[in-house]
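# Summary of structural features
Here's the letter readout for the chains.
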Amino acid sequence: MTSPPGGGSRKKRPVLVPVIAVLLATGMGATAVLGGLDRVPDPPPAALGPGDTLDQGQFATRFLGTKFVAVPPANRFSEEKRFIDLMFKVTNLGAKTVPVGSPSPPGRRSSFFSFFGGSVLRTEPEIKSGSGGTGLVLTRGGVESRQLHPGVPATVVVRYELDEDARVPGTLVLHMGSFEMQERFPSKVAEWSSVMEEAGDKRYAPVVVAKVTLPVQRGEA
């Protein structure tokens, strides 16, 4: 048997297996060949209701309900005020005390948010309120606070004062965001930040992790 030109033994040529066969054998399918793997879609927002609890990363939040409150005028020179209260039981799972915060005004889509109140991204239908929502913590004795202490469950109320012509809805759906630990640039210090996603044109928007359906109760101030 003669050796090939240049001497030495003849090397076996590698067997070329078509790429499509490999992908099919591994279960990856033809989508990889025809333009890349399909992206696994994000899970849809959780559907929650009264009494349910949402893990928001920085907070464990239980949804207590919503309430319409009418406050009679204090005197003949004042007018009746009407409010819608969103009520939560919130436990700060972080390591330090943080402000409760407030949501974005109705009709304005929330972008980056830092505190619990901002994680109420929007309501459906949108509440007609010129002043927007105000977040506060109810402590023992009815004293109002603006802080959430680590590991202490707190009753949080986000209150909207309704416009004069606003109708009181029978049900509200809260679109809720969440938080994750991220390193700040350039300090590289990890802090809680809102979970965001690409929204086109180099913009980002908060991820809606839950839609919470709550009936609007009638109550007293």
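Residues numbered from 1 in each chain as written. Predicted model: local features only at pLDDT ≥ 70, side-chain atom pairs only at ≥ 80, totals over all residues. Heavy atoms only, no water.

## Digging into the overall build of the protein chain
Along its length, the protein chain carries one helix and 16 strands. Of all 221 residues assigned to the protein chain, the portion counted as buried reaches 31%. In the protein chain, the share of contacts with a sequence separation of at least 24, taken over all contacts with a separation of at least 6, comes to 66%. Accessible surface computed for the protein chain: about 14300 Å², of which carbon and sulfur atoms make up 55%. (Helix = DSSP H or I, 4+ residues; strand = E, 2+ residues; numbered from the N terminus. Buried < 20%, exposed > 50% of the residue type's maximum accessible area, 1.4 Å probe, protein only. Contact = heavy atoms within 4.5 Å. Areas by Shrake-Rupley, 256 points an atom, 1.4 Å probe, with all protein chains shown as cover.)

## A closer look at the nonpolar core
Grouped together as the largest cluster of nonpolar side chains are 32 residues, with contacts concentrated most on Phe63, Leu86, Phe88, Leu148 and Leu174. Secondary-structure elements contributing two or more residues to this core are strand 3 (59-71), strand 4 (81-92), strand 6 (120-124), strand 10 (154-161), strand 11 (171-176) and strand 16 (210-219). The contacts of Leu86, once residues within four sequence positions are left out, are Gly65, Thr66, Val120, Val156, Val157, Val158, Tyr160, Leu172 and Leu174. (Core = buried A, V, L, I, M, F, W, Y, C linked by side-chain atoms within 4.5 Å.)

## Details of the pairing of strand 11
Counting buried positions along strand 11 gives five out of six residues, so the element sits mostly inside the fold. Bridge count between strand 6 and strand 11: four bridges; the pairing is antiparallel. When the bridges of strand 11 are listed, Glu124 appears paired with Val173. In the sheet, strand 11 pairs with strand 16 via six bridges, with the strands oriented antiparallel. What sits directly across from His175, in strand 16, is Lys211. (Pairing = 2+ DSSP bridges.)

## Some details on unusual backbone geometry
Trans is the prevailing form of peptide bonds, just as negative phi is the prevailing case for residues other than glycine. Glu124 connects to Pro125 through a cis peptide bond whose omega is 0 degrees. Tracing the backbone shows Pro125 in the loop between strand 6 and strand 7 (133-138).

## A short note on the environment of Ala60
Here Ala60 shows up in strand 3. On the basis of relative accessible area, Ala60 is assigned to the partly exposed category, the value being 24%. On a C-alpha basis, the gap between Ala60 and Leu93 in space is 6.9 Å, while along the polypeptide they are 33 residues apart. Among all residues touching Ala60, those that are not within four sequence positions of it are Leu54, Lys89, Val90, Thr91 and Leu93.

## Here's the deal with the packing of aromatic side chains
The tally for this structure, following the rule as stated, stands at five aromatic pairs. Measuring from ring centre to ring centre gives 5.7 Å for Phe59 and Phe116, while their planes differ by 75 degrees; the resulting arrangement is edge-to-face. One end of the pair, Phe59, is in strand 3; the other, Phe116, is in the loop between strand 5 (98-99) and strand 6, and 57 residues separate them in sequence. Assigned by exposure class, Phe59 and Phe116 land together as buried. For Arg159, the ring lying beneath its charged end belongs to Phe83, and the centroid distance is 4.3 Å. (Phe/Tyr/Trp six-rings, centres within 6.5 Å; stacked < 30°, edge-to-face > 60°. Lys NZ or Arg CZ within 6 Å of the ring centre and 35° of its normal.)

## Notes on the confidence of the model for the protein chain
Across the protein chain, the average pLDDT comes to 82, with 79% of residues at 70 or higher. Segment residues 1-37: pLDDT under 50, and 18 contacts once partners within four positions in sequence are set aside and those in other chains are kept. (pLDDT = per-residue confidence, 0-100.)

## Some words on the side chain of Ser193
On the secondary structure map, Ser193 appears in strand 13 (residues 190-194). On the basis of relative accessibility, which here comes to 1%, the residue Ser193 falls in the buried class. If sequence neighbours within four positions are ignored, Ser193 has contacts with Phe112, Ser178, Phe179, Glu180, Gln182 and Arg184.

## Some details on the pairing of strand 10
Pairing analysis gives eight bridges linking strand 4 to strand 10, with the strands arranged antiparallel. Across the sheet, the residue bridging to Phe88 is Val156, located in strand 10. In terms of strand pairing, strand 7 meets strand 10 through six bridges, oriented antiparallel. Paired with Gly135 across the bridge in strand 10 is Val158.

## Let's talk about the pattern of salt bridges
Per the stated rule, a full pass over the model turns up two salt bridges. The salt bridge partner of Asp85 is Arg159, with a shortest N-O separation of 2.7 Å. Of this pair, Asp85 sits in strand 4 while Arg159 sits in strand 10, and the two are 74 residues apart along the sequence. Measuring nitrogen to oxygen at the nearest pair gives 3.2 Å for the salt bridge that ties Asp165 to Lys128. Highlighted residues: Asp165 in the loop between strand 10 and strand 11 and Lys128 in the loop between strand 6 and strand 7, separated in sequence by 37 residues. For Asp165, a relative accessible area of 55% translates into the label exposed. Taking the relative accessible area as the measure of exposure, Lys128 reaches 43% and is therefore partly exposed. (Salt bridge = Lys/Arg side-chain N within 4 Å of Asp/Glu carboxyl O.)

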